[in-house]
Amino acid sequence: MSASRHPFARLWTGYLRRHLWWIVLAAVLMAVEGSTVGALSYMLEPMFDVVFVAGRADLIVWIGLAIFGLFVLRGVAGVAQRIIMARVAFEASSRLQQDLLAHVLGLDSAYFSSQSPGQLIERVQGDVQAIQQIWTGILTSAGRDAVGLVSLMVVAIMVDPIWTLVAIIGAPLLVLPSLIVQRYIRRKSVALRDIAGRRTTRLDEIFHGITPIKLNAMEAYQRDRFRTATEDMVRATVRTQAGQATVPALVDFAVGFGFLAVLLYGGPQIIAGEKTIGQFMSFFTAMSLAFQPLRRLAGLSANWQTMMASLDRVYALADTVPTILEPPTAARARPARSDLAFEDVSLSYGDTPVLRGVSFEVPQGTTTALVGLSGAGKSTLFNVLTRLVDPVGGRATIGGQDIRDFSIADLRGLFSVVSQETLLFDETLRENLTLGRPVSDADMARALEAAHVSDFLGDLPAGLDSPAGPRGSNLSGGQRQRVAIARALLRDTPILLLDEATSALDTKSERLVQQALTRLSANRTTLVIAHRLSTVRDADQIVVLDQGRVAERGSHDSLLAAKGLYTQLHGLQGAP
Ligand code: ADP
């Protein structure tokens, strides 16, 4: 897709437009900086021919001062334009990063199961950084160097158009090799970005999985894998850099060839007196000064390829659209009741059916326990209700209304989810509880009490202001769960989705968690993935799932009497 037509490219130009006047100012400064080199080489002709050759000693100081002035002007303009452009480029890329993250946050959960966090981090961070760096380089030097080059060409043409033509005679020979090198750089840059993503993934997995890594003595294995990733990265970087270095080298060949040609063609003219020494000096200075900007411009064209490789990856991310969509604003319903129902819901992951025509109702304010073997589809039902996935067939309703008629924020606002892997953020306990919403002290105290968080709050160094640690690691499993319950109490939503912990909490913790859960689910429509006999017994209804189907439904006693799957599951748990 062409860069200029992509919606994100339009955003990009939008960011730049916001700074238009700064860019204009920087461009003027660039033109000043660039044209000083032309002026400089132009000054050499009068210096030689008028001052030295004609012997005008009185003019020496003026010419000297003029040249000095040109250098000062060049320095000042250079600094000013670079500061302005660095700011503009950096702000533009930061905006791109923010917009990109906003876009990524809106993508489906399924997308996140298909992309490793390392690759995503590299796209949002590494690729945008690469774009920003190169872009800053292009903005700050391309204009200056282009103006410089043009002004030097003008001087050269003024001295002798034929010499100029002779000087650039080697240039067309470079077109083909340079195209080949550009393609090589692009390919290597793409590979490099991919390897960078894999390396970040390694790190992400190591830091996430540090406990299993230690427990399984996998340190050496992980170290080796990371070393391999790093070595791949070094190899790819060297290749990209080699490609990038080749482009200015091609310029060296062309310029060297030009020097040779001009010397062979123009040298005899000077000796014959057809040209002055001043003209020759002016021309050669122009050519020598053209050399650096030309190399830099060639280098930029190589960097451009690297930038486009990153830009392609960013665009690919930007082109990924969510499939879990909001209903059109006009057609939106507001949830009124909290009874919920599944109506013939089917869902597959790839070719594997996970839910096959699930139907049942949960009346408002009652508790339904979901039981079934692992993999039966219990968690998937939660995901369907909260629209982390949409079913391929059937529908889920709340208050009789298809959940797809609600705005996603309204829908998710109906639920509190308390699951086995309670996610605590690396913030204080208070922030983990309020999640950015204002909460009164009285409400907080009530929730802490009801969830039995106050029981252990005194043991923490700073009470509610104690840090939870990365992923809540400063708390025990039971404590984390009670924090999650307090969070749900504060959210005070009409529907509750509970995933009971299978991992054994100690008996005291379990009892406290159980009490807290009972308080939490009072008067709320509750769907609980149940592992404990007590929970199942107390539920108003039990739904037994088997391979994505509702196998049985009823109360504890009626299901036991039926002697079906429930009775077997019950036996598995070692229940009497
Ligand atoms: P339960 O909660 O009953 O243990 P789940 O609802 O988590 O079962 O999973 C049901 C089935 O769906 C499992 O076989 C699981 O492997 C599969 N599954 C769940 N999530 C995904 C996913 N994101 N991609 C592919 N398969 C999945």
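You'll find the chain entered in an unreviewed UniProt entry as ABC transporter permease, with Jannaschia pagri given as the organism. As recorded by UniProt, the Subcellular location (unreviewed entry) comment attached to the chain reads in full: "Cell membrane".

Okay, the overall build of the chain next. Counting secondary structure elements, the chain contains 20 helices and 10 strands. A compact globule built from 576 residues should have a C-alpha radius of gyration of about 25 Å, whereas the chain, at 35 Å, is more than 25% larger. Overall, the C-alpha framework of the chain stretches about 120 × 55 × 50 Å when taken along its three principal axes. For the chain, buried positions account for 47% of its 576 residues. For the chain, long-range pairs separated by at least 24 residues make up 79% of all intrachain contacts whose partners lie at least 6 apart in sequence. Put simply, the chain shows about 29000 Å² of open surface, and 61% of that area lies on carbon and sulfur atoms.

A separate point is the domain arrangement of the chain. Reports of interface size often rely on the accessible area that becomes lost once the parts have come together. With domains assigned, the chain is organised as domain 1 (7–318) and domain 2 (340–573). Inter-centroid distance (C-alpha atoms) of domain 1 to domain 2 is 56 Å.

What follows deals with the pattern of salt bridges. Taken as a whole and judged by the stated rule, the model has 26 salt bridges. Glu 205 serves as the salt-bridge partner of Arg 202, at 3.5 Å between the closest nitrogen and oxygen. With Arg 202 and Glu 205 both in helix H7 (residues 175–208), this residue pair falls 3 residues apart, about one helical turn. Each member of the salt-bridge network shares a partner with another, and the members are Glu 33, Arg 82, Arg 144, Asp 145 and Arg 296.

Here the focus is the UniProt feature "domain: ABC transmembrane type-1" (unreviewed entry) in the chain. Within this numbering scheme, the UniProt entry marks residues 24–306 as carrying the feature "domain: ABC transmembrane type-1" (unreviewed entry). Between the C-alpha atoms that bound residues 24–306 the distance is 27 Å, and the span itself is 90% helix and 0% strand.

On to the site of the ligand. All residues in the neighbourhood of the ligand are listed as Tyr 349, Val 354, Leu 373, Ser 374, Gly 375, Ala 376, Gly 377, Lys 378, Ser 379 and Thr 380. In this structure, Lys 378 approaches the ligand through a main-chain N or O atom, which is 2.8 Å from an oxygen atom. For the ligand, whose free accessible area comes to 560 Å², the fraction covered by protein is 58%. Among the elements that line the shell around the ligand, the one with the most residues is helix H11 (residues 378–385), at 3 residues. A breakdown of the residues in the shell around the ligand according to their chemical character gives 4 nonpolar, 5 polar and 1 charged.

Let's shift gears to the packing of aromatic side chains. Throughout the structure, instances matching the rule amount to 7 aromatic pairs. Here the aromatic rings of Phe 48 and Phe 52 are separated by 5.5 Å at their centres, their planes lie at 90 degrees, and the arrangement is edge-to-face. On the criterion of helical spacing, the pair formed by Phe 48 and Phe 52 is a turn pair, its members being 4 residues apart in helix H2 (residues 20–53). On the basis of an interplanar angle of 85 degrees and a centroid distance of 6.0 Å, the ring pair of Tyr 111 and Phe 112 is categorised as edge-to-face. Above the plane of the ring of Trp 163 lies Lys 275, whose end atom (NZ or CZ) is 5.4 Å from the centre.

Reading guide: rules and limits
Residues numbered from 1 in each chain as written. Predicted model: local features only at pLDDT ≥ 70, side-chain atom pairs only at ≥ 80, totals over all residues. Heavy atoms only, no water. UniProt positions renumbered as here; feature names shortened; annotations may be inferred. Helix = DSSP H or I, 4+ residues; strand = E, 2+ residues; numbered from the N terminus. Rg over C-alpha atoms; globule rule 2.2 N^0.38 Å. Buried < 20%, exposed > 50% of the residue type's maximum accessible area, 1.4 Å probe, protein only. Contact = heavy atoms within 4.5 Å. Areas by Shrake-Rupley, 256 points an atom, 1.4 Å probe, with all protein chains shown as cover. Domains from an automatic or database assignment. Salt bridge = Lys/Arg side-chain N within 4 Å of Asp/Glu carboxyl O. Near = heavy atom within 4 Å. Polar contact = N/O pair within 3.5 Å; in protein donor to acceptor, adjacent residues only side chain to side chain. Nonpolar A, V, L, I, M, F, W, Y, C, P; charged D, E, K, R; others polar. Phe/Tyr/Trp six-rings, centres within 6.5 Å; stacked < 30°, edge-to-face > 60°. Lys NZ or Arg CZ within 6 Å of the ring centre and 35° of its normal.

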